[in-house]
Amino acid sequence: MTEPNMDWDAAYRQETPPPWSIGRPQPELAVLIDEGEIRGDVLDAGCGHAALSLALAERGYTVVGLDSSATAIEAAAVTAAERGLTTATFAQADVTNFRGYDGRFSTILDSGLFHALPLEKRQDYLRSIFRAAAPGAALYILAFAAGALGDADHGGAPRGFAETELHDAVSTLWRVDDLRPAKVYGNAPASAEGPLAHLERDDQGHFIAPGFLLTAHKPD
């Protein structure tokens, strides 16, 4: 949930969590878990500190978390071990070009990764997760709406997607089933200026920004 060219490891070495690490699954994805929409082996693409992977493992799912940051992967693995969660495993990987999981996953979750990728890498990413997906696999992408955090060109925030842009990008490979407005939560001081100052906050101080939840599947 950040600008494409940042140092991801540095972000995870900070004393305070990075803006996209809210300590729990994004609420939009937590609802999917509660409603039983997650099935089979799960890929958590761009897992970061892996609150989503850990929550799934606590419910008995087998989940693999991939992230480009070795720091994030190490922290996620340590937390899983501390909690005795043996069905969650983690690996450092280039999410735009990874192999070794061909046809494995029945569910793929993207919690704020897609909008953070460079434009020229987005189709590579979609191909990589498509390759890792089993026939009929479900894909869920939670992403910022365009302009949700202000002007990406000047403020360093993710650019986000227009609705048709997100649909068209994913539908090159995947069959899009649904695309609806959604809320994306993040960390930032309540004293933050600029666009963040005007965003809604939850009872834990997280900002709530407009986004989309896309649901798609891999054709059989």
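Residues numbered from 1 in each chain as written. Predicted model: local features only at pLDDT ≥ 70, side-chain atom pairs only at ≥ 80, totals over all residues. Heavy atoms only, no water.

As named in an unreviewed UniProt entry, the chain is SAM-dependent methyltransferase, taken from Mycobacterium nebraskense.

1. Digging into the overall build of the chain
If you tally the helices and strands in the chain, you get 7 helices and 8 strands. Taken over C-alpha atoms, the radius of gyration comes to 16 Å for the chain, in line with the 17 Å a tight globule of 220 residues would show. Across its three principal axes, the chain shows a C-alpha extent of roughly 45 × 40 × 30 Å. For the chain, the proportion of contacts with a sequence separation of at least 24, taken over those separated by at least 6, is 71%. Total accessible area on the chain stands at roughly 10,000 Å², and carbon and sulfur atoms take up 49% of it. (Helix = DSSP H or I, 4+ residues; strand = E, 2+ residues; numbered from the N terminus. Rg over C-alpha atoms; globule rule 2.2 N^0.38 Å. Contact = heavy atoms within 4.5 Å. Areas by Shrake-Rupley, 256 points an atom, 1.4 Å probe, with all protein chains shown as cover.)

2. Side note on helix 4 (residues 70-82)
Taking 1.5 Å as the rise per residue, helix 4 with 13 residues should run 18 Å; its terminal C-alpha atoms sit 18 Å apart, in good agreement. Every buried residue belonging to helix 4 is among Ala-72, Ile-73, Ala-76 and Ala-80, and all of these are buried. Buried residues along helix 4 cover an arc of 100° about the axis, so they all sit on one side. Among the exposed residues of helix 4, those oriented more than 90 degrees off its buried face are Glu-74, Ala-81 and Glu-82. Taken together, the buried residues of helix 4 touch helix 1 (8-13), helix 3 (51-58), strand 2 (63-67) and strand 3 (88-92). At the exit of helix 4 stands Gly-84, carrying a positive phi of roughly 70°. (Expected span 1.5 Å × (residues − 1). Buried < 20%, exposed > 50% of the residue type's maximum accessible area, 1.4 Å probe, protein only. Arc of directions from axis to C-beta.)

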